[in-house]
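Summary of structural features
Listed below are the residues making up each chain.
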Amino acid sequence: GQFEEMFIPSFFAWFLLPSAKDMVVCKSMDFLRTLDTMEAFKKHITDFSGKDEEKEVDLEQYFEAKGPLHCTTKFCDFGKAEGAKEYAMKPAVKDFYGSTSELSLTALFVTPRTVGARVSLTDEQLLLWPDDAEKEAESVVPAASSLPPGSRAHVTLGCAEGVEPVQTGLDLLEILALQKEGQQGETVDEMELGSLTYYGEGRWLLSLREPICTPVCFSSYYQ
Ligand code: ACK
């Protein structure tokens, strides 16, 4: 029939509904504004400024937001990515396509490359999570495949100049791998939003006291 040739999208994702988007952007901007004025952050400023210890870093300017806010499930590259077609044909993908749910953002993280939110998926949402999402990151984060499915789930909030958004999930996996290895990090502060930990090399994680819940729609992106 006429629908047999399926056009595979750039990626499948949960897209934040417009009503929720502003609230999430606002909270992340608040976090960036607070972080870059903290003494603990200034102590490690060269992670972001290079050699220049005197330089101030304005994190709000440092990162640039790209495209609609979303949590990628499967990057398909219009069918060219491995497993793209199989994913697009999964019964769960068809069943949930266009449906709304709630995403739970449980942490915010910042590295010299990206700023993002960690997403904790429900069992139902995990039905849409590709089996190999963590394993695919293995060449960059060797311990990634030993992390539980869904570990890579994130919302990219911004990227530094010249950095592609695929980096955000890799930065998150790197932090989770450090945690799993038993690196406690350096808990530097209790902030209003939660507790802030430094993992070295410019990696900061704010575990939210209260998760940010945001309505989303499971769909795909074709541009
Ligand atoms: O922020 P993200 O999750 O990172 O959303 C974008 C989206 O797909 C469109 O580019 C993600 N993305 C790009 N390349 C890959 C890849 N090779 N593996 C997984 N996700 C990717 C990117």
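Everything discussed here concerns the structure shown above.
Residues numbered from 1 in each chain as written. Predicted model: local features only at pLDDT ≥ 70, side-chain atom pairs only at ≥ 80, totals over all residues. Heavy atoms only, no water.

Thoughts on the packing of aromatic side chains
What the rule picks out here adds up to 15 aromatic pairs. Here the aromatic rings of Y62 and F63 are separated by 4.9 Å at their centres, their planes lie at 75 degrees, and the arrangement is edge-to-face. Of the residues examined, F63 reaches a relative accessible area of 9% and is grouped as buried. Among the aromatic side chains, those forming a connected cluster through ring pairs are F41, F48, Y62, F63, Y198 and W204. (Phe/Tyr/Trp six-rings, centres within 6.5 Å; stacked < 30°, edge-to-face > 60°. Buried < 20%, exposed > 50% of the residue type's maximum accessible area, 1.4 Å probe, protein only.)

Comments concerning the pairing of strand β8 (residues 194-198)
β8 sits mainly inside the fold: 4 of its 5 residues count as buried. Relative to β8, strand β7 (residues 186-190) runs antiparallel, the two being bridged by 4 bridges. Directly across from T187, in β8, lies its bridge partner T197. The antiparallel pairing of β7 with β8 creates a hairpin that spans 3 residues between the two strands. Bridge count between β8 and strand β9 (residues 204-221): 5 bridges; the pairing is antiparallel. From the neighbouring strand, L196 faces β9, where its bridge partner is L206. Remark: 5 residues form the turn of the hairpin made by β8 and β9, two consecutive strands paired antiparallel; G200 in that turn has positive phi of roughly 80 degrees. (Helix = DSSP H or I, 4+ residues; strand = E, 2+ residues; numbered from the N terminus. Pairing = 2+ DSSP bridges.)

Structural notes on the pattern of salt bridges
Opposite charge on two side chains makes pairing possible when the charged atoms of those side chains draw close. On inspection of all chains with the given rule, the structure shows 9 salt bridges. Here R113 and D171 are joined by a salt bridge, their closest N and O atoms 3.0 Å apart. Taken as a pair, R113 in the loop between β4 (100-110) and β5 (114-120) and D171 in helix α8 (residues 166-180) lie far apart in primary sequence, 58 residues in all. We classify D171 as buried; its relative accessible area is 1%. Overlapping salt bridges, with partners in common, bring together D30, R33 and E60 in one network. (Salt bridge = Lys/Arg side-chain N within 4 Å of Asp/Glu carboxyl O.)

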